[in-house]
Amino acid sequence: MAAPSTIRWEQDDTGVVTLTLDDPNQSANTMNAAFAASLAATADRLEAERDGVRGVIVTSAKKTFFAGGDLNDLLAVRPEQARELFDRGMAIKRDLRRIETLGRPVVAAINGAALGGGLEIALACHHRIALDAKGSKIGLPEATLGLLPGGGGVVRTVRLLGITDALLNVLLQGQQYRPRAAREKGLVHEVVDTPEEMLAAARAFIDAHPESVQPWDVKGYRIPGGTPAHPKFAANLPAFPANLAKQLGGAPYPAQRNILAAAVEGAQVDFETAQAIESRYFTELATGQTAKNMIQAFFFDLQAVNSGRSRPRGPEPRKVEKVAVLGAGMMGAGIAYACARAGIEVVLKDVSAEAAEKGKAYSAGLLDKALAKGRTTPEKRDALLARITPTADPADLAGCDAVIEAVFEDTALKHKVFQEIQDVVAPDALLCSNTSTIPITTLAEGVERQADFIGLHFFSPVDKMPLVEIIRGERTGDEAVARAFDLVRQINKTPIVVRDSRGFFTSRVIGQFINEGVAMVAEGIEPASVEQAAAQAGYPAKVLSLMDELTLTLPRKIRREARQAVEAAGGTWEPHPADAVIDRMVEEFGRTGRSGGAGFYDYVDGRRAGLWPGLREHFTREGARIPFEDMKERMLFSEALDSIRCLQEGVLTSVADANIGSVLGIGFPGWTGGVLQYVNGYPGGLPGFVARARELQARYGDRFAPPELLLEKAEKGETFTDAPAAA
Ligand code: NAI
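Residues numbered from 1 in each chain as written. Predicted model: local features only at pLDDT ≥ 70, side-chain atom pairs only at ≥ 80, totals over all residues.

Per an unreviewed UniProt entry, the chain goes by 3-hydroxyacyl-CoA dehydrogenase NAD-binding domain-containing protein and derives from Streptomyces glaucosporus. As stated in UniProt under Sequence similarities (unreviewed entry), the record for the chain gives "In the central section; belongs to the 3-hydroxyacyl-CoA dehydrogenase family." In its Catalytic activity (unreviewed entry) section, UniProt records this for the chain: "a (3S)-3-hydroxyacyl-CoA + NAD(+) = a 3-oxoacyl-CoA + NADH + H(+)". (UniProt positions renumbered as here; feature names shortened; annotations may be inferred.)

With that settled, consider the overall build of the chain. Looking only at helices and strands, the chain features 30 helices and 19 strands. The C-alpha atoms of the chain give a radius of gyration of 28 Å, which matches the 27 Å a tight globule of 727 residues would have. Projected onto the principal axes, the alpha-carbon positions of the chain cover approximately 85 × 65 × 55 Å. For the chain, the residues scored as buried account for 47% of the 727 residues in total. Contacts in the chain between residues at least 24 apart in sequence constitute 73% of all its contacts with a sequence separation of at least 6. (Helix = DSSP H or I, 4+ residues; strand = E, 2+ residues; numbered from the N terminus. Rg over C-alpha atoms; globule rule 2.2 N^0.38 Å. Buried ≥ 20, exposed ≤ 12 C-beta atoms within 10 Å, placed from the backbone. Contact = placed C-beta atoms within 7 Å.)

Another point: the packing of helix H14 (residues 330-341) against helix H15 (residues 353-372). One way to put it is that H14 packs onto H15 with a least axis distance of 8 Å and a crossing angle of 55 degrees. Between H14 and H15, the interaxial angle falls into the category oblique. Between H14 and H15 lies a crossing of right-handed hand. For the pair H14 and H15, contact is made by Gly-332, Ala-333, Ala-336, Tyr-337 and Ala-340 and by Gly-359, Tyr-362, Ser-363 and Leu-366, respectively. Residue composition of the contact of H14 with H15, by class: six nonpolar, three polar and no charged. (Axes fitted to C-alpha atoms, helices over the stretch in contact; angles between N-to-C directions. Parallel < 35°, antiparallel > 145°, perpendicular 65-115°, else oblique. Left-handed = near helix turned anticlockwise from the far one by under 90°. Nonpolar A, V, L, I, M, F, W, Y, C, P; charged D, E, K, R; others polar.)

Another point: unusual backbone geometry. Of the consecutive residues Ser-460 and Pro-461, the connecting peptide bond is found in the cis state with omega at -5 degrees. Tracing the sequence through the fold places Pro-461 in the loop between strand E15 (453-458) and strand E16 (467-472). Unlike most non-glycine residues, Asn-492 shows phi in positive territory, near 60 degrees. Residue placement: Asn-492 occurs in the loop between helix H19 (478-490) and strand E17 (494-499). On the basis of neighbour counts, which here come to 11 C-beta atoms within 10 Å, the residue Asn-492 falls in the exposed class.

Next up on the list: the UniProt feature "domain: 3-hydroxyacyl-CoA dehydrogenase NAD binding" (unreviewed entry) in the chain. Feature annotation in UniProt assigns "domain: 3-hydroxyacyl-CoA dehydrogenase NAD binding" (unreviewed entry) to the following positions: residues 322-500. With 39% helix and 22% strand, the stretch residues 322-500 has end C-alpha atoms that lie 27 Å from each other.

Lining the immediate surroundings of the ligand are 23 residues, of which Gly-327, Gly-329, Met-331, Glu-409 and Ser-460 lie closest. Among the secondary structure elements, those contributing two or more residues to the shell around the ligand are H14, helix H17 (411-421) and E15. It is H14 that provides the largest number of residues to the shell around the ligand, a total of three residues. Residue composition of the shell around the ligand, by class: twelve nonpolar, eight polar and three charged. (Near = placed C-beta within 6 Å.)

Per the UniProt annotation, the sites labelled "domain: 3-hydroxyacyl-CoA dehydrogenase C-terminal" (unreviewed entry) are residues 503-603. Secondary structure within residues 503-603 divides into 61% helix and 3% strand; the distance between the first and last C-alpha atoms comes to 29 Å.

It is worth spelling out helix H12 (residues 271-286) at this point. Since one α-helical turn is 3.6 residues long, residues separated by three or four positions face the same way. Look at H12: 22 Å from first C-alpha to last across 16 residues, which is about the 22 Å you get at 1.5 Å a residue. Within the sequence span of H12, burial applies to Ala-274, Gln-275, Ile-277, Glu-278, Ser-279, Tyr-281, Phe-282, Thr-283, Leu-285 and Ala-286. As for H12, its buried residues are in contact with helix H2 (71-76), helix H3 (82-100), helix H5 (153-161), helix H11 (254-266) and helix H13 (289-306). (Expected span 1.5 Å × (residues − 1).)

With that settled, consider the sheet that holds strand E7 (residues 138-139). In spatial order, the strands read E5-E7-E8; together these three strands make up an open sheet with mixed pairing. With partners counted over all chains shown, the strands left at the sheet margins are strand E5 (114-115) and strand E8 (176-177), one partner each. Pairing analysis gives two bridges linking E5 to E7, with the strands arranged parallel. Looking at E7, one finds that Leu-115 is bridged to Gly-139. (Pairing = 2+ DSSP bridges.)

Between H5 and helix H6 (residues 163-171), whose axes approach to 7 Å, the crossing angle comes to 125 degrees. Relative to H6, the element H5 is oriented oblique. The handedness of the crossing between H5 and H6 is right-handed. Between H5 and H6, the residues in contact are Val-154, Thr-157, Val-158 and Leu-161 and Ile-163, Asp-165, Ala-166, Val-170 and Leu-171, respectively. When the residues that make up the contact of H5 with H6 are grouped by side-chain class, the tally is seven nonpolar, one polar and one charged.

Here we come to the confidence of the model for the chain. Overall, the predicted model of the chain reaches an average pLDDT of 94, with 96% of residues at or above 70. Taken over the whole predicted complex, pTM reads 0.91, whereas the ipTM for its chain interfaces reads 0.95. (pLDDT = per-residue confidence, 0-100.)

Let us now look at the pairing of strand E11 (residues 345-349). With four of its five residues buried, E11 lies for the most part within the structure. Of the strand pairs in this sheet, strand E10 (residues 322-326) and E11 are connected by five bridges, and their pairing is parallel. Bridge pairing in E11 places Val-323 opposite Val-346. In terms of handedness, the path from E10 via H14 over to E11 forms a crossover that is right-handed. Across four bridges, the pairing between E11 and strand E12 (residues 388-391) is parallel. Looking at the pairing, Val-346 lines up with Ile-388 of E12. (Right-handed = clockwise from strand over helix to strand, strands pointing away.)

Counting 213 residues, the largest nonpolar core has Ala-263, Val-403, Ile-470 and Ala-484 as the members making the most contacts within it. When near neighbours in sequence (up to four residues on either side) are disregarded, Ala-263 contacts Val-154, Val-158, Ile-163, Ala-166, Leu-167 and Leu-171. (Core = buried A, V, L, I, M, F, W, Y, C linked by C-beta atoms within 7 Å.)

Let's shift gears to the sheet that holds E15. Strand order across the open sheet formed by eight strands is E12-E11-E10-E13-E14-E15-E16-E17, with mixed pairing between neighbours. In this open sheet, the two edge strands, each paired with only one partner strand, are E12 and E17. Adjacent strand axes in the sheet meet at a mean angle of 25 degrees when their direction is disregarded. By the bridge criterion, four bridges tie E10 to strand E13 (residues 402-405) in an arrangement that is parallel. Counted as the bridge partner of Val-323 is Ala-402 from E13.

Let us now look at the environment of Leu-647. Counting through the fold element by element, Leu-647 comes out in helix H26 (residues 628-649). Looking at Leu-647, the number of C-beta atoms within 10 Å reads 22, which means it is buried. Separated by 73 residues in the primary sequence, Leu-647 and Phe-720 have C-alpha atoms spaced 9.9 Å apart. When sequence neighbours within four positions are dropped, the list of residues in contact with Leu-647 reads Leu-652, Ala-658 and Leu-709.

To continue, consider the pairing of E15. Most of E15 sits out of view: six of its six residues are buried. Where burial is concerned, the two faces of E15 agree: the one with Phe-453, Gly-455 and His-457 and the one with Ile-454, Leu-456 and Phe-458 are both buried. As paired elements, strand E14 (residues 430-433) and E15 share three bridges and run parallel to each other. When the sheet's bridge partners are listed, Cys-432 is paired in E15 with Ile-454. Bridge count for E15 against E16 is four bridges, and the pairing is antiparallel. Bridge pairing in E16 places Leu-456 opposite Ile-470.

Take a look at the structure:
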């Protein structure tokens, strides 16, 4: 039996055909097999009935116009299916092309989001009208999933905008634009405010342009800005791969390379050949591991995390109306801004009115910048600032239904500030601490309602960093976890939920990365190579420069406390090879990091000025070399292995939380799809990962020993995946 059509055909008595995209089996339209069949049938019918057709309007019955490729399909596709995938893609492109060259005006009436395949369908239309609806976004975000637009998106944007604009504004970073911004970038022609206007505009276009052709189908058409054969373009072209390489730091992001190649090669040949080139590069990406990693993390895992997989089921959703932020320093000021931006009233408290005012001024600074860039209006700016009340008086916290503490990292001080306010705020207020290192269970001992006490770990700078780590202490109740989760979603951030542990999940795991980098310096390896290895592994921040940002005094403090805890529990403390280098840097050379003016790097006027030459003199040994691959993988494995230990110990309860938390919170390379997906996708799967861990263990020490949970899963042929969430 034929699959039901996903494209509805309606023809009025003036000869205008409306094609409504409406997949009866799904909530959104995707480029699945049913769509491909419907598209072919539609193209056949249009050609057969061409004489009676005056024009075509393409629109959708769903909330979004068209959602793009079917990611479940893409996740499942195997390398040996490459040919089939290529043929399937080419068939869809040929059918779109048949409609585009029918000799009748075709208008896209874009009623909602048109991302990826959605925009590709619209680009095959002669005229694009976007409705400025809630959630309407337009763009080709394939690059953010390790793919390229394989439905003609590269070919057409290059012809429409020119190679440079297509690459920089649309393809390489996968930007998503609101309708008006999309018009400015040249992706759509018109923006309207109502569906009625949209359809009227579509008809008006058909009336005025009875014989539409695409600009690139007009004889003599030249791609804006020239093609690589053009001398001016040729002069600029060599800079592209260099800039790209710089941007990617040499990391394995194949999508950008393939996009660049498809755009440049495709610009030099005819349309049909360009389509085949595009499909060839698409197929290579879609059958490779990186795209699978990125689809898993940035689509499925992100959705699972944000939709509340780790939120306790029972408690009713609640919204925070008024929040107390204690401490208006770097973090407090950022947290106040994030809350006020989400419409929450904020009372920002510090020891003096001046300090609190200064914290509020931080928001004013951010808003002024946004205003200058046209990203906000004076009214919105003023309204946001009016929601922040700076104060030094605890009495002003009356009625706050949530508290977020961000004073200095000191247990006694944190206890004291909670004592001061716990009887002033609402009697059931949620009590959160933004501590980065102190166990939540320890902090909770300073308050009366321990079940309402929880860790809410933000990342710096708060306005840019999307993640918040929620830490459940031993006595934290389900209600508090649910409320913290809802608060994080209310301020439009992504929450992961972990259990109390020294350094929780994120700080603990990033500590492994830093220690591993410093351990290589301890072994006498050239520090510049260590930095290079981090960049080429895909880390956004190089390891020694990151250490400088965090300060070298921090790991010493953390180590001291951890050691005390281990010894108090009767255990033996295992030093890390990095310890000696960090101690010498601080004690012998007085180099404590960027804020102290000197660290692994030199600083001139607060700006990084190059690695400290003394490193070579005091630590580097001639001939101390290890394979470059080992350098990269020591960093990646140190974090992956510790994440598996977190899962084994119950610090982590979900794989999605680990993957998303590692990429969004602590800069684990995005191409891996997150710290546990990296293990899943490692060549040879889990057994391959175990074998490599053993090799690293033999060469570099027992910290690379594969944990029990990993061995078990490798043995059973499993991967790290979450059980489906309970309904
Ligand atoms: P900061 O030093 O910039 O700010 C601390 C603020 O607390 C100062 O303005 C200080 O005047 C104020 N304060 C001190 N005693 C107070 C009291 N009794 N009542 C009200 N305010 C008081 O520190 P920062 O960097 O903002 O860190 C704050 C907390 O956030 C710390 O626990 C830190 O570990 C944690 N954290 C820091 C991150 C970072 O990247 N800096 C990241 C995540 C958490």
